[in-house]
Amino acid sequence: MIQIKSREEIEIIKEGADILGRAHGEVAKNVKEGVTTASLDKIAEEFIKDNGGVPSFKNYNGFPYTLCISENEQVVHGFPGEKVLESGDIVSIDCGVFYKGFHSDSAFTYPIGTVEDKTMELLIKTKESLYKGIEKARVGNRLGDIGFEIQQYVEQFGFGVVRELVGHGVGKNLHEDPEVPNYGKRGKGIKLVDGMVIAIEPMINLGTKNIVQEADGWTIRTQDKRPSAHFEHTVAITKEGTEVLTTHKYIEEIIKF
Ligand code: MG
Ligand code: MG
């Protein structure tokens, strides 16, 4: 069942999303060659707690960390650890904040040092596809309009759209109805109505769309071991317009592409 949010609830989510955006910004300052991904997790956890939030992911269904950090062929749900970032890597950082009873959720994929041209194109086009999907997230449209837009945009570059993992409603629970696929048919799916809050999160592979799960029970990687990118925002759909509640602006003060 879809939980419709009041204007007051949307404002609370936006406040939490600001903490989340600034946590991403603190992490962004440290996303570079030579750092361990575990050190990034610590930065995010401390920042969120110091600013009155709770990390949404930590202990969610037993997930052990504040951040999902997914490198290169990893799609999502990777574990932070002792791996040191190197030039040529890409790294997806996904984070959620729980604040005054509501979650927010956003992700960004970074290039480390110099990455291959095709990989950089994957990052750029995946990020663009997120905003193209958001443009279709408006009252009166249907869920399929969002997925169609993302899919047709990235497939023209030969990229693969992950099918098994999708965006979702966001609210009192981190993952609520509806599911928000990154593929679909124009004009199909449920109608978007005033007060829906959803996370749109294209997960796009350089090669084929197929994925497998690693033995840790969490990490998802591409079957062909080619890179995958992931960008996400939490957005509120209202009759006054669609508002992006999460922000990448603190990240984009550090890294521009
Ligand atoms: Mg997320
Ligand atoms: Mg999400």
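First, a word on what this report is: a plain description of the structure on this page.

Cut-offs applied
Residues numbered from 1 in each chain as written. Chains lettered and ligands numbered in written order. Predicted model: local features only at pLDDT ≥ 70, side-chain atom pairs only at ≥ 80, totals over all residues. Heavy atoms only, no water. Helix = DSSP H or I, 4+ residues; strand = E, 2+ residues; numbered from the N terminus. Expected span 1.5 Å × (residues − 1). Buried < 20%, exposed > 50% of the residue type's maximum accessible area, 1.4 Å probe, protein only. Arc of directions from axis to C-beta. Donors = N, O, S within 2.8 Å, 3.2 Å for Na, K, Ca; no water. Pairing = 2+ DSSP bridges. Axes fitted to C-alpha atoms, helices over the stretch in contact; angles between N-to-C directions. Parallel < 35°, antiparallel > 145°, perpendicular 65-115°, else oblique. Left-handed = near helix turned anticlockwise from the far one by under 90°. Contact = heavy atoms within 4.5 Å. Nonpolar A, V, L, I, M, F, W, Y, C, P; charged D, E, K, R; others polar.

Turning to helix α2 (residues 37-50), a few remarks are in order. Along its 14 residues, α2 runs 20 Å from first to last C-alpha, staying within 8% of the 20 Å computed at 1.5 Å per residue. By the burial criterion, the buried members of α2 are Thr37, Leu40, Asp41, Ala44, Glu45, Phe47 and Ile48. Looking down the long axis of α2, one finds its buried residues gathered within 165° of arc, a one-sided arrangement. Exposed residues on α2 whose side chains face more than 90 degrees from its buried face are Lys42 and Asp50. Just past α2, the residue glycine 52 takes up positive phi, approximately 90°.

We now examine the coordination of the magnesium ion (ligand 1). The coordination sphere of the magnesium ion (ligand 1) contains the protein donors Asp94 (OD), Asp94 (OD), Asp105 (OD) and Glu232 (OE), at a distance range of 2.0 to 2.5 Å. Between the magnesium ion (ligand 1) and the magnesium ion (ligand 2), a separation of 3.2 Å is found, and both are coordinated by aspartate 105. Taken as a pair, aspartate 94 in strand β4 (residues 90-99) and aspartate 105 in strand β5 (residues 102-111) lie far apart in primary sequence, 11 residues in all. Each member of the pair, aspartate 94 together with aspartate 105, is buried.

Each protein donor to the magnesium ion (ligand 2) is listed here as Asp105 (OD), His168 (NE2), Glu201 (OE) and Glu232 (OE); together their distances run 2.1 to 2.2 Å. Within one chain, the residues serving as donors to the magnesium ion (ligand 2) are arranged as D-x62-H-x32-E-x30-E. The buried category is assigned to histidine 168, whose relative accessible area is 4%.

Taken together, the 3 bridges between strand β7 (residues 167-169) and strand β8 (residues 176-180) define a ladder with antiparallel strand orientation. The residue of β8 that forms the bridge with glycine 169 is glutamate 176. Between β7 and β8, which pair antiparallel one after the other, the connecting turn spans 6 residues.

Packed helix pairs are characterised by how far apart their axes lie and by the angle those axes make with each other. Running from amino to carboxyl end, helix α3 (residues 117-136) crosses helix α4 (residues 143-155) at an angle of 155°, the nearest separation of the two axes being 8 Å. On the basis of the axis angle, α3 is roughly antiparallel to α4. Between α3 and α4 the crossing geometry is right-handed. For the pair α3 and α4, the contacting residues are Lys125, Glu128, Ser129, Lys132, Gly133 and Lys136 in the first and Asp145, Ile146, Glu149, Ile150, Tyr153 and Val154 in the second. Looking at the contact of α3 with α4 residue by residue, the class counts come to 4 nonpolar, 2 polar and 6 charged.

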